[in-house]
Amino acid sequence: MKYSESLEEINVIIYILELFCISLGTYYAVVKNTSASKNTNRNITSILILLAISILCEFIKYKSNFMNSMLCLIILLSITFARTDKDNIGYYILTTTICLSLNYIIFLISVAISYFPNYFMNIRNNYISFTIIIAIYYTLLYMFFKIKRFNKGFSFLKEKLVNEYFNVLVLNISIIILFLIITLYNYQIKITGSFGVALIIFSIIMFITIQKSIKQYYKQKMLIQELKETKEELENKKEEIKELEQENLNFSKTSHTIAHRQKSIEHKLNELIQKSETAEEIEIASKIQEISKQIKKQSTTTTIVKTTIPEIDNILKYMKAESEKNNINYQIQIRGNLYHMTNNYISKEDLEILLADHIKNAIIAINHSKNTNKSILVRMGLIDGIYGLYIYDTGIEFKIETLKHLGQKPATTHAEEGGTGMGFMNTFDTLKKYKASMTIKEIGKPSKDNYTKTIIIKFDQSSEFKIDSYRQEKIGEIHTKI
């Protein structure tokens, strides 16, 4: 029996079963393409709901027309599928329409294929013919979703309206297909021949569009992945640059430290060389010149207090020599047992670097001052009941901008004189290491009667940094944890 003839004779039960089977196929396709529940209990409930919808749509078709029945079917199926995700009903209407049109195409293909077994077996029973159609329909539907490209559904639908242009295009084609199916169901065979051809054409277009959409989706996904990888690579490069900058900073600190030690050792070697000279090699003129220099510098030289710690004595002698070169009065005061300080509060190596950094800074500050009072005083040891290091000088004040960024980044305005900006960077590292505190006390403007400023480092476990200045209003309050 030809299916076109059976369409006119099919009874209500066959139509309900047909609609129910297509609804089940649509449900299967929607589950493949969305997050609709795959829970067994929910599936049983959904099957019962689909049966109820099929009966209702048949009733609407009987009372109204096939168009209204189809619209009702799409809306009710969409609501059913969206039970677990009610905020995306629009998305489920789109997905349901596409999946329903796909199922109708496969169903009509099944009808065409069923013609051959019906013809050769001379089947006249509507129910047997319908069973063959449904068997072919479900087989084709299962085989369609076994295709590698479609076995996990349509990827462009899984992204929920991200691929809007493709979704709208496929939706429009799906609506046209459903409209053609409605036309085929409602009109005479002679009138609907051209509609059948149009249905075939649009079905092919739909499959091609879906294929193109999936290809485009994967291209877009690959592009996103490449962008993500590029971003990660850029972040890794930034981290590498950051590490290199830190390595460069550490290298600068190390170089800065070595430079001080090198100069200290060079000075010690010069002393040893000078001491090793024989009396015959020293001319009387040189002696007279040396005595003249000593007389000239009488007011600026002092006897260095021995700490009996070789490293500390060497750096103090070196800085004494540097001060004498610049006609600076240089004094040292030791309080308490310095061995106790270097054994319990700070290593002799770190104390050596602190002395080198801040005495060098003091010399530079004095050289940039027009003050006639050129003096440096170094006090260290047990002062006011706390072990510490105090360095006084009569040089220029700090720049306010420099004070605000001390220890945060290297900064120097005297690079031509050997300044690297690393002195305070090293100092803050040392303060953190020993939980020491530092106060920069600005006493006043350069004057012949007093010191300008004092660097006070105390090993008091407080880890604090503050500025105490006569310019406090301009500088602002600086009192922070290190």
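**Q** Any chance you could explain the overall build of the chain here in plain terms?
**A** Along its length, the chain carries 16 helices and seven strands. Sequence separation of 24 or more characterises 72% of the internal contacts of the chain that already satisfy a separation of 6 or more. Put simply, the chain shows about 27100 Å² of open surface, and 57% of that area lies on carbon and sulfur atoms.

**Q** Teacher, can you tell me more about unusual backbone geometry here?
**A** Glycine aside, the phi torsion of most residues is negative, and most peptide linkages are trans. The backbone phi angle of Thr308 is positive, close to 65°, even though this residue is not glycine. Position of Thr308 among the secondary structure elements: in the loop between helix H10 (284–296) and helix H11 (310–325). One non-glycine residue, Asp384, lies in positive phi territory at about 55°. Mapped onto the secondary structure, Asp384 falls in the loop between strand S2 (375–383) and strand S3 (386–393).

**Q** Is there a simple way to explain helix H4 (residues 66–81) in this structure?
**A** Between its terminal C-alpha atoms H4 stretches 22 Å, which fits the 22 Å expected from 16 residues at 1.5 Å a residue. Of the positions making up H4, those classed as buried are Phe66, Ser69, Met70, Cys72, Leu73, Ile74, Leu77, Ser78, Thr80 and Phe81.

**Q** Even after reading the chapter, I still don't get the side chain of Ser463, so can you show me in this structure?
**A** By secondary structure assignment, the location of Ser463 is in the loop between strand S5 (453–458) and strand S6 (464–469). Residues within four places of Ser463 in sequence aside, it is in contact with Lys435, Ala436, Ser437, Thr480, Lys481 and Ile482.

**Q** Help me understand the pairing of S5 in this model?
**A** Working note: regular strand, side chains alternate between the two faces of the sheet. Among the six residues of S5, five are classified as buried, and the element is accordingly described as predominantly covered. With six bridges connecting them, S3 and S5 associate as antiparallel partners. From the neighbouring strand, Tyr392 faces S5, where its bridge partner is Thr454. Of the strand pairs in this sheet, strand S4 (residues 437–442) and S5 are connected by six bridges, and their pairing is antiparallel. Bridge pairing in S5 links Ser437 to Lys458.

**Q** Please explain the pairing of S6 as it appears in this structure.
**A** Of the two faces of S6, the one holding Phe465, Ile467 and Ser469 is buried and the one holding Glu464, Lys466 and Asp468 is not buried anywhere. Alignment of S4 against S6, held across five bridges, turns out to be parallel. Its bridge partner being in S6, Glu442 is matched across the sheet by Ser469. Relative to strand S7 (residues 479–481), S6 is paired through three bridges, and the arrangement is antiparallel. By the bridge assignment, Glu464 is partnered in S7 with Lys481.

**Q** What should I look at first to understand the pattern of salt bridges in this one?
**A** Where charged atoms from two side chains of opposite charge come close, those side chains can pair. One pass over the structure, following the stated rule, counts seven salt bridges. Of the charged contacts, one joins Lys320 and Glu324 as a salt bridge, the two residues approaching to 2.6 Å between their closest N and O atoms. Here Glu324 and Lys320 lie together in helix H11, a separation of four residues that amounts to about one turn. Glu324 matches Lys320 in its accessibility class, with the two residues each being buried. Of the charged contacts in the structure, one is a salt bridge between Glu442 and Arg471, with a shortest N-O distance of 2.8 Å. Taken together, the residues Glu442 in strand S4 and Arg471 in the loop between S6 and helix H16 (472–475) connect sequence positions 29 residues apart. As far as the burial class goes, Glu442 and Arg471 line up, both buried. A single network of salt bridges, built from pairs that share partners, joins Glu322, Lys325 and Lys360.

**Q** Explain the sheet that holds S6 here, please?
**A** Strands in a sheet are paired, the pairing made by backbone hydrogen bonds, and the direction either parallel or antiparallel. Taken in spatial order, the seven strands make up an open sheet running S1-S2-S3-S5-S4-S6-S7, and their pairing is mixed. For this open sheet the edge positions go to strand S1 (329–335) and S7, each flanked by a neighbour on one side alone. Within this sheet the neighbouring strands show an average axis-to-axis angle of 10°, counted without direction. Relative to S2, S1 is paired through seven bridges, and the arrangement is parallel. Bridge pairing in S2 links Gln333 to Arg379. On top of the sheet, H11 reaches S1 and S2; it is set at about 155° to S1, its chief contact. Sitting on the sheet, helix H15 (residues 423–434) is in contact with S4, S5 and S6, with an inclination near 135° to S4.

**Q** Help me out: how do you make sense of the packing of aromatic side chains in this one?
**A** Each aromatic ring pair is described using two quantities: the centre-to-centre distance and the angle formed by the ring planes. Using the criterion set out here, one finds 11 aromatic pairs in the structure. Between the aromatic rings of Tyr28 and Phe145, the centroid separation amounts to 5.6 Å while the plane-to-plane angle is 85°, which identifies the pairing as edge-to-face. Placement of the pair is Tyr28 in helix H2 (residues 12–33) and Phe145 in the loop between helix H6 (126–144) and helix H7 (155–158), with a sequence separation of 117 residues. Considering the side-chain rings of Phe144 and Phe145, the 5.1 Å spacing of their centres and the 85° angle between planes classify their relative orientation as edge-to-face. In terms of burial, Phe144 and Phe145 fall into one category: buried. Each residue in the set Tyr115, Phe116, Tyr119 and Phe120 is aromatic and connected to the rest through ring pairs, giving one cluster. A cation sits over an aromatic face here: Arg379 above Tyr390, 5.6 Å from the ring centre.

Here is what the cut-offs are and how they apply
- Residues numbered from 1 in each chain as written.
- Predicted model: local features only at pLDDT ≥ 70, side-chain atom pairs only at ≥ 80, totals over all residues.
- Heavy atoms only, no water.
- Helix = DSSP H or I, 4+ residues; strand = E, 2+ residues; numbered from the N terminus.
- Contact = heavy atoms within 4.5 Å.
- Areas by Shrake-Rupley, 256 points an atom, 1.4 Å probe, with all protein chains shown as cover.
- Expected span 1.5 Å × (residues − 1).
- Buried < 20%, exposed > 50% of the residue type's maximum accessible area, 1.4 Å probe, protein only.
- Pairing = 2+ DSSP bridges.
- Salt bridge = Lys/Arg side-chain N within 4 Å of Asp/Glu carboxyl O.
- Axes fitted to C-alpha atoms, helices over the stretch in contact; angles between N-to-C directions.
- Phe/Tyr/Trp six-rings, centres within 6.5 Å; stacked < 30°, edge-to-face > 60°.
- Lys NZ or Arg CZ within 6 Å of the ring centre and 35° of its normal.

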